[in-house]
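Fold and geometry: a report
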Amino acid sequence: MYGYPRQPEESIYNLLPQPEVRYEKPKMHRSTHDGRLAPSYSTLCTQNTTKLEANCEGRDRIGASGVKKASTMGRLGDYPDASKYLKRGDRSSRRLPPIASAHHERPDPKNPPVPRRTERPVMGLVTEKNFVIANAVDNIMMQPKKPADHPAAATQRRTFGKPPGYLTRIKEEIEHEREYIRQLQHPPRGEGRMREMPPDEKQELLARLKEKWVDTHKQYLSQTFSLDTVSKVHRKEAIEAQLEQLEKAIAKLSKKILYVYDDNMY
């Protein structure tokens, strides 16, 4: 059972005294690291100090307190020179042109300039044109506009009231199919479609069908008795249907006289 140690098998050799096994004690492990060092970045060795973490450098011993040398800014030589800082444009070779060279005058102003306060518009202009008569003359001499081309009405088209061309074509195809079926069902007189099968052809077909039945029957007998899966059930049903079809064909070919359709007539 699970959870219990496995019991040894019963044997007569278990009665014999077994020799005592002596195990050698391994040597005591000695670490290569100093055991008196305090843990790094720990709060266990911060007694009587104001530090939040102890032994950040990995060199303090247990019991040491106070601020160590170079504990804030690091040791000498570990920081870069303050006079060698990154200046503007040191990493970029592309510089923008000066503003004076980028400014240009527009050759043609987009809008006319705004009039000044001292400029006065021209006033007192009078015209002798009679706009009423001028408008009447313009309307009289104006050419009439041509009407827009509207599509013709459906009743005025040449194909109005006639069946579409594709319907006529489909009707002709259906009529040809009906005529072909009519000829197959009612052949002309004097031209039968049936012929008697020769004995040699019948014996050859019968022998092939029997061989096919024997092979199919072997497949049926080689199946397992258990039908525990759907695929096995479907396979058995398919083989049984094939055997039944072969038996019907063999029974038909076993008759003395057989008439078959002659496909070479048409």
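A quick note: this is a predicted structure, and the numbers were derived from the prediction, not measured. (Residues numbered from 1 in each chain as written. Predicted model: local features only at pLDDT ≥ 70, side-chain atom pairs only at ≥ 80, totals over all residues. Heavy atoms only, no water.)

Quick notes on the overall build of the protein
Note the following rule: Each helix is a run of DSSP H or I of at least 4 residues and each strand a run of E of at least 2, with the numbering of both proceeding from the N terminus. Relative accessible area decides the class of each residue, using a 1.4 Å probe on protein chains only: under 20% of the type maximum gives buried, over 50% gives exposed, and in between gives partly exposed. The contact rule is simple, with two residues in contact once any of their heavy atoms fall within 4.5 Å. Note that accessible areas follow from Shrake-Rupley with a 1.4 Å probe, and for residues the cover is restricted to the protein chains shown.
In terms of helices and strands, the protein carries 5 helices and 2 strands. Secondary structure elements of the protein, listed N to C terminal, follow the sequence α-α-α-β-α-α-β. Counting the 266 residues in the protein, one finds 8% classified as buried. When contacts within the protein are restricted to residue pairs at least 6 apart in sequence, those whose partners lie at least 24 apart make up 47%. Of the roughly 27,500 Å² of accessible surface on the protein, 56% is carried by carbon and sulfur atoms.

Quick word on the pattern of salt bridges
Quick reminder of the rule: Salt bridges are counted wherever a side-chain nitrogen of Lys or Arg sits within 4 Å of a carboxyl oxygen of Asp or Glu.
Enumeration according to the criterion identifies 4 salt bridges in this entry. The salt bridge involving Arg208 is made with Glu204; its shortest N-O contact spans 2.8 Å. Taken together, the residues span about one helical turn, with Arg208 and Glu204 both in helix α4 (residues 199–221) at a distance of 4 residues. You can call Glu204 partly exposed: its relative accessible area is 42%. Glu244 is the salt-bridge partner of Lys248, the closest N and O atoms lying 3.8 Å from each other. Linking Lys248 with Glu244, this pair stays in helix α5 (residues 230–253), spanning 4 residues, or about one helical turn. For Lys248, a relative accessible area of 51% puts it in the exposed group.

Points about the confidence of the model for the protein
Stated precisely, the cut-off is as follows: The predictor attaches a confidence to each residue, called pLDDT, with possible values from 0 through 100.
The pLDDT averaged across the protein works out to 78; a share of 73% of its residues lies at or above 70. Of all secondary-structure elements in the protein, the lowest mean pLDDT belongs to helix α1 (residues 99–102), at 63, while helix α2 (residues 131–141) reaches the highest, 91.

Some words on the side chain of Gln223
Counting through the fold element by element, Gln223 comes out in the loop between α4 and α5. Relative accessible area serves as the criterion here: at 18%, Gln223 is assigned to the buried category. Filtering out sequence-adjacent residues up to four positions away, Gln223 remains in contact with Arg235, Lys236 and Ile239.

With respect to the environment of Met197
Mapped onto the elements of the fold, Met197 is located in the loop between β1 (194–196) and α4. Looking at Met197, the relative accessible area reads 10%, which means it is buried. In this view, Met197 contacts Lys202, Leu205, Leu253, Leu258 and Val260; residues no more than four positions away in its chain are not counted.

As for the packing of α4 against α5
This is how the line gets drawn: In this description, a line fitted to the C-alpha atoms serves as the axis of each element, helices being fitted only across the stretch in contact, and the angle between N-to-C directions of two axes falls anywhere from 0 to 180 degrees. Angle categories are assigned with fixed cut-offs, so that under 35 degrees is roughly parallel, over 145 is roughly antiparallel, 65 to 115 is roughly perpendicular, and the rest are oblique. Handedness of a crossing follows from how the near helix is turned relative to the far one, being left-handed for an anticlockwise turn of less than a right angle and right-handed for a clockwise one. Basically, the charged four are Asp, Glu, Lys and Arg, the nonpolar ten are Ala, Val, Leu, Ile, Met, Phe, Trp, Tyr, Cys and Pro, and anything else, Gly included, counts as polar.
In the contact formed by α4 and α5, the axes pass within 10 Å of each other and the chain directions differ by 155 degrees. Of the possible angle classes, the one that applies to α4 and α5 is roughly antiparallel. Here α4 and α5 pass one another in a crossing that is left-handed. Across from Lys202, Leu205, Leu206, Leu209, Lys210, Lys212, Trp213, Thr216, His217, Gln219 and Tyr220 in α4, the residues of α5 making contact are Arg235, Lys236, Ile239, Glu240, Gln242, Leu243, Leu246, Glu247, Ala249, Ile250 and Leu253. Looking at the contact of α4 with α5, its residues break down into 11 nonpolar, 4 polar and 7 charged.

Concerning the nonpolar core
Quick note on the threshold: The nonpolar core is taken to be a set of buried Ala, Val, Leu, Ile, Met, Phe, Trp, Tyr and Cys residues, with the residues joined through side-chain atoms within 4.5 Å.
Core analysis: the largest hydrophobic core is formed by 7 residues, namely Met197, Leu206, Leu209, Leu246, Ile250, Leu253 and Leu258. Those elements that provide at least two residues to this core are α4 and α5. Counting residues per element, this core draws most heavily on α5, which supplies 3 residues.

As for α4
What sets the pattern is the α-helix's 3.6 residues per turn: residues three or four places apart point alike. Rules: Each helix should span, by expectation, one fewer than its residue count multiplied by 1.5 Å.
With 23 residues, α4 extends 33 Å between its outermost C-alpha atoms, agreeing within 8% with the 33 Å of an ideal straight helix rising 1.5 Å per residue. Here α4 has its buried residues at Lys202, Leu206, Leu209 and Thr216. Of the surrounding elements, those touching the buried residues of α4 are α5.

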